[in-house]
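Reading the structure
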Amino acid sequence: MRTTIRGALAALALLPALALPTLVLGAPAASAASPSPSATASGSPAPATKAGTSFLTAVNLSPGQDADVAVSTGDYLYWAFGAAEGQTPTISLTVNLAPAADRHGPQTWTVEVFDGLRRRQACTAGTQNATGDQSATALTLNCTLREVRTWAEPWSGDPLPGTYYVRLSVTDAPQPDLGLAATTRLHVTAKGNADNAQPEGGELKAPLVPPVGGGASTAKAAAPVAEKQHWYTGWFSGWNSRWYWTIGGGFLAALAGVLGFHLTRHPRGHRPGRYGAVPPQGSHQHQSYAERP
């Protein structure tokens, strides 16, 4: 039993030493806050100079803010903006293609708009797909959505107040042209306001998916909901708690291993004899040939 306790204490002493480098390396670094867009001389926000690569990283545009981004041909580009009830948003895009001497054929660019539930919204007017031949220098795309409604049936795809995502992509281009440098400019306008919304006998409780970025939105923000607390909430919250559980679980595993080895090994004095040893005389397990029936 002393050997068992001594082995368990040794395993416990090694665990903090093993966990210390992981704690030091795994400490989260403080993330720098992204600077807010500065205002131009006219008072409108400065154009955004970046674009996201997915719905989760979409760059959020403030009301009246444009986007002027240097892009790579073939990448998916995402922006997000807010729309309120009664508005009819229009998205306008101008793509300046790479120099004609570097291109090897025509290119087709496409703009798509999704709502907060990532449902694709139909365009009532505009050019969603534009194709430019090798001599073209720029392409123009635009999309006008339907009027944002105050509410809709769950099965319908009507536009509702909240966040909308714009995706710009290349749907057809020669393989050597992928990766060429290009520039794009995005401009979002909205006609109408909440006073123009048609009364439909209902009201949306909260906008669909508040903005993912740091920009403002024209949609009304939903009231924060207090998180429900339980008696065990503090045990699993925070990045430090997982190390406590890891060290405790490692100690219990080491202790169980030592105790299991101690209990399953053969006790002293009761070990089986060596292979080939002669059993004692008179053993009831062996009988002579004469005594067998």
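Look above for the structure.
First things first, this report covers the structure right here in the doc.

Rules used in this analysis
- Residues numbered from 1 in each chain as written.
- Predicted model: local features only at pLDDT ≥ 70, side-chain atom pairs only at ≥ 80, totals over all residues.
- Heavy atoms only, no water.
- Pairing = 2+ DSSP bridges.
- Helix = DSSP H or I, 4+ residues; strand = E, 2+ residues; numbered from the N terminus.
- Core = buried A, V, L, I, M, F, W, Y, C linked by side-chain atoms within 4.5 Å.
- Buried < 20%, exposed > 50% of the residue type's maximum accessible area, 1.4 Å probe, protein only.
- Contact = heavy atoms within 4.5 Å.
- Disulfide = S-S within 2.5 Å.
- Polar contact = N/O pair within 3.5 Å; in protein donor to acceptor, adjacent residues only side chain to side chain.

1. Some thoughts on the sheet that holds strand 1 (residues 59–60)
In spatial order, the strands read 1-3-8-5-6; together these five strands make up an open sheet with mixed pairing. The open sheet has two free edges, formed respectively by strand 1 and strand 6 (129–132), since each of these has just one partner strand. Two strands pair when backbone bridges link them, and strand 5 (residues 107–114) and strand 6 are joined in this way by four bridges, in the antiparallel orientation. Bridge pairing in strand 6 links Q107 to G132.

2. Comments concerning the nonpolar core
If you look at the biggest cluster of nonpolar residues, it comprises 31 residues, and the most contacted ones within it are W79, I91, L93, W109, V166 and L186. Elements with a contribution of two residues or more to this core: strand 2 (67–72), strand 3 (77–83), strand 4 (88–96), strand 5, strand 7 (138–144), strand 8 (162–172) and strand 9 (181–191). Apart from residues lying up to four places away in sequence, L186 is in contact with L61, D66, A67, W79, I91, S92, L93 and V166. If you look at the next biggest cluster of nonpolar residues, it comprises six residues, including F55, A58, Y78 and A80.

3. A few points about the pairing of strand 4
Of the pairings in the sheet, the one linking strand 4 to strand 9 comprises nine bridges and is antiparallel in character. Bridge assignment links I91 to a residue of strand 9, and that residue is V188.

4. With respect to the state of the cysteines
Covalent bonding between the sulfur atoms of two cysteines is what defines a disulfide. Counted under the stated rule, the structure contains one disulfide. Disulfide partner of C123: C143, at an S-S distance of 1.8 Å. Torsion about the S-S bond of the C123 and C143 cystine: about -95°, corresponding to left-handed handedness. Residue C123 is located in the loop between strand 5 and strand 6, and its partner C143 is located in strand 7; the two are separated by 20 residues in the primary sequence. The burial state of C123 is the same as that of C143; both residues are buried.

5. Let's talk about the side chain of Q107
Residue position: Q107 is located in strand 5. Here the side chain of Q107 touches W109 through a polar contact of 3.2 Å, side chain to side chain.

6. Focus on the environment of D115
By the secondary structure assignment, D115 is in the loop between strand 5 and strand 6. A polar atom in the side chain of D115 sits 3.2 Å from the side chain of Q121.

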